[in-house]
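# Results of the structural survey
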Amino acid sequence: MNSPSNANIQNQGNYQADRITGEGFLSFQGREELFNKVLMQSDIKQYRLVIPKRLARRYFQLHLQNRSEAAFLLMEDNEEKAWNFKYSIWRSSHAHVLTGEWSKFVKEKGLKAGDVVCFSRSTGPDKRLFIDWMPQMRSCIADLPPLKATQKEQTVRLFGVNISTSQPN
């Protein structure tokens, strides 16, 4: 993820958002970001979080022992509360999923579809895993004030086609 320039960052505790792009990220000392996942309705209602295969293989599959199909991953949230998630690969769909305390995490944090779950790990030798979340980002356009009508319309003909243009008052 590209880092926005400091002039455009709004800080809200550990959460930062770029005012121009609306891109958000969590920033903590001593952690490296692994990936973020926008929650789907199915991630909330079906008591499991589907992790994109490419990301799961890169960051979580190393925790599986000897071709095992499941591993328990201990992750901390930003309040230092420990969560025990079961990471597994479902035989039927080959989906990479987190279950275990996932539904409890969703309920306690009040997560909704569109919210973003952020995975990171410590940069120290212990490589502890962390899970955090961000609220759904609102559209930057929705926050802009409406434009005032300051221009008068005029029609111009170009190559046999009428084109509407605006002209300052």
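Up top is the structure.
Residues numbered from 1 in each chain as written. Predicted model: local features only at pLDDT ≥ 70, side-chain atom pairs only at ≥ 80, totals over all residues. Heavy atoms only, no water.

### A closer look at the packing of aromatic side chains
By the definition in use, this model includes nine aromatic pairs. Ring geometry for W83 and F105: centres 5.0 Å apart, planes at 90°, overall edge-to-face. On the criterion of sequence distance, the pair formed by W83 in strand β7 (residues 82-89) and F105 in helix α3 (residues 102-109) is long-range, its members being 22 residues apart. Judged by its relative accessible area of 0%, W83 falls in the buried class. (Phe/Tyr/Trp six-rings, centres within 6.5 Å; stacked < 30°, edge-to-face > 60°. Helix = DSSP H or I, 4+ residues; strand = E, 2+ residues; numbered from the N terminus. Buried < 20%, exposed > 50% of the residue type's maximum accessible area, 1.4 Å probe, protein only.)

### Regarding the pairing of strand β6 (residues 70-76)
Two faces belong to every sheet, and in a regular strand the side chains alternate between them. In this sheet, β7 lies alongside β6 in antiparallel orientation, the contact comprising seven bridges. Within β7, the position partnered with L74 by the bridge is N84. With antiparallel pairing between neighbouring strands as the criterion, β6 and β7 make up a hairpin whose turn holds five residues, including E80 at a positive phi of roughly 65°. Pairing geometry for β6 and strand β10 (residues 129-134), over two bridges, is parallel. Across the sheet, E76 pairs through a bridge with F130, a residue of β10. (Pairing = 2+ DSSP bridges.)

### Considerations on the sheet that holds strand β5 (residues 49-51)
Backbone-to-backbone hydrogen bonds pair the strands of a sheet. The strands run either parallel or antiparallel. With respect to topology, seven strands assemble into an open sheet ordered β4-β9-β10-β6-β7-β8-β5, the strand pairing being mixed. Edge positions in the sheet fall to β4 (31-38) and β5, since each of these pairs with one other strand and no more. Ignoring which end each strand starts from, the neighbouring axes of this sheet average 35° apart. In the sheet, β4 pairs with strand β9 (residues 116-122) via seven bridges, with the strands oriented antiparallel. In the strand pairing of β9, V38 is matched with V116. (Axes fitted to C-alpha atoms, helices over the stretch in contact; angles between N-to-C directions.)

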